[in-house]
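Spelled out, the chains give:
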Amino acid sequence: MPTRKIAVLGSTGSIGTQTLDVIARDPESYEVVALAAGSNTELLLKQAHQFRPGVVSVGSEEAADKLRGLLPAGTKLLVGEEGLAESAAGSGADYVVCALVGALGLRSTLAAIDAGAAIGLANKETLVTAGHIVTKRAAVKGVRLLPIDSEHSAIFQCLNGEDDKAIKRLLITASGGSFRDRSREELVGVTVEDALKHPNWSMGAKITIDSATMVNKGLEVIEARWLFGLPYDRIDVVLHPESIVHSMVEFTDTSVIAQLGNPDMRVPIQYALTYPQRRPSPASPLDLVKAGTLRFREMDFARYPCLRMAYEAGRAGGTATTAFNAANEAAVARFLRGEISFLAIEEIIERVLDKHGAAAVALPDLETILETDAWARREASVLK
Ligand SMILES: NC(=O)C1=CN([C@@H]2O[C@H](COP(=O)(O)OP(=O)(O)OC[C@H]3O[C@@H](n4cnc5c(N)ncnc54)[C@H](OP(=O)(O)O)[C@@H]3O)[C@@H](O)[C@H]2O)C=CC1
Ligand SMILES: CC(=O)[C@@H](O)[C@H](O)COP(=O)(O)O
Ligand SMILES: [Mn+2]
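Residues numbered from 1 in each chain as written. Chains lettered and ligands numbered in written order. Predicted model: local features only at pLDDT ≥ 70, side-chain atom pairs only at ≥ 80, totals over all residues. Heavy atoms only, no water.

Caption draft 1: Summary view of helix 7 (residues 150-159). Counted residue by residue, helix 7 has 10 buried out of 10 residues, so it is predominantly covered. Every buried residue of helix 7 is accounted for by S150, E151, H152, S153, A154, I155, F156, Q157, C158 and L159. Looking at the buried positions of helix 7, the neighbouring elements they touch are strand 7 (145-147), strand 8 (167-174), helix 10 (215-228), strand 10 (245-251), strand 11 (256-260) and helix 11 (266-274). (Buried < 20%, exposed > 50% of the residue type's maximum accessible area, 1.4 Å probe, protein only. Helix = DSSP H or I, 4+ residues; strand = E, 2+ residues; numbered from the N terminus. Contact = heavy atoms within 4.5 Å.)

Here it is as structure tokens:
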């Protein structure tokens, strides 16, 4: 594999740091040309000195002030949305790891695609917000969207070399999240601290809350629809408490192909970086005998209404998934700030979707999508 010129957007986050861990283990294969982060300037400074990117971008002037004069000589320091776009499309990157959190990642993902860079996509909200625009733009540019999200990496691996016509359905696995052993009645009054205790994965705060509400799986169903081009009635979710089967594909001959492994994001990250090659990984090998039992249960949509809403928004099309994602982002931010209860997240999403109504336009343009995103955030930010 020729040396890849890598931009890592969201380099100080859970995915970003694990991406840099993978890169640091194989320095001959990668040159880091851009790092972008929000406010963790202490970690970003360490990363800049370790990887010497030509471009470093931060979320605000305040954060930039903390870096000025401390970066390696010659490093270009950028700020905000422009900095993200420049990191993605003006840094000489031929591969962009999209590991920002939220729909914030949309514009830089589009900029990277327009620049012809390969995309390692972790930032699922981008596809949920504007899947038809992102996928069409990538197809026109001949850019491959390589999935980093563990379930979509698993599906991508299961589909490798298969005939699309032989696919019967996708089976996305779900751990059930932090409160999987609680009834709905027992969700009243749960704390942020408890919601952040994912049973199997160590992840950023937002996705961990999304896993607890099952919004994450809803986002992943919509993400799968856009990545693999299948209708929603052929994308199913199954509860799998062990998070060892990362997802499966059922084929027309009744075969079910699965990808398994210990829950370690460095495996899907590395696969997205080195595809179609597979490289040794520092992840601990899976011992199925030690794992013993792998359980699968039917998804309970009454227990997890956010998943139902995601399917409804996906089927409605248009800007409904944009509104779903934006309302969730705003509601989760309020929950994490201690402003609303855990159950208020799903209530707010439901009310925003009710207000959004039927999608007016089947395939909205980017301006309409961005307007809907802003509208849904405003609505979700004031609902009690
Ligand atoms: N973590 C995981 O295991 C998985 C994550 N994903 C997806 O990957 C994406 C990233 O998730 P995760 O790594 O957990 O998220 P984190 O919250 O851990 O990291 C988010 C990154 O985005 C940066 N960021 C936030 N706001 C801004 C901003 N305004 N400008 C520039 N950078 C910003 C953060 O910078 P800073 O911290 O410096 O503010 C950080 O580097 C999400 O879409 C998530 O759903 C998918 C599968 C698994
Ligand atoms: C690691 C990863 O891909 C996350 O999306 C994780 O899968 C969350 O899992 P659950 O949403 O199944 O709890
Ligand atoms: Mn996932």
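After presenting the structure, the write-up continues.
Caption draft 2: Highlighting the site of ligand 1. Around ligand 1 there are 24 residues in total, and T12, S14, I15, N40 and E125 lie nearest to it. L100 is positioned with one of its backbone polar atoms (N or O) 3.5 Å from an oxygen atom of ligand 1. In this structure, N123 approaches ligand 1 through a side-chain N or O atom, which is 3.5 Å from an oxygen atom. Considered on its own, ligand 1 offers 900 Å² of accessible surface; in the complex 83% of this is hidden by protein. For the shell around ligand 1, the secondary-structure elements that each account for two or more residues are helix 1 (14-24) and helix 6 (124-141). (Near = heavy atom within 4 Å. Polar contact = N/O pair within 3.5 Å; in protein donor to acceptor, adjacent residues only side chain to side chain. Areas by Shrake-Rupley, 256 points an atom, 1.4 Å probe, with all protein chains shown as cover.)

Caption draft 3: Here's a closer look at the domain arrangement of the protein. Partitioning the protein into domains gives domain 1 (4-123) and domain 2 (152-382). Each of domain 1 and domain 2 has a C-alpha centre, and these two points are 25 Å apart. Taken together, the contacts link 21 residues of domain 1 with 21 residues of domain 2. Between domain 1 and domain 2 lies a buried interface of about 1500 Å² when both sides are counted; carbon and sulfur atoms form 61% of it. (Domains from an automatic or database assignment. Buried area = accessible area lost by both parts, 1.4 Å probe.)

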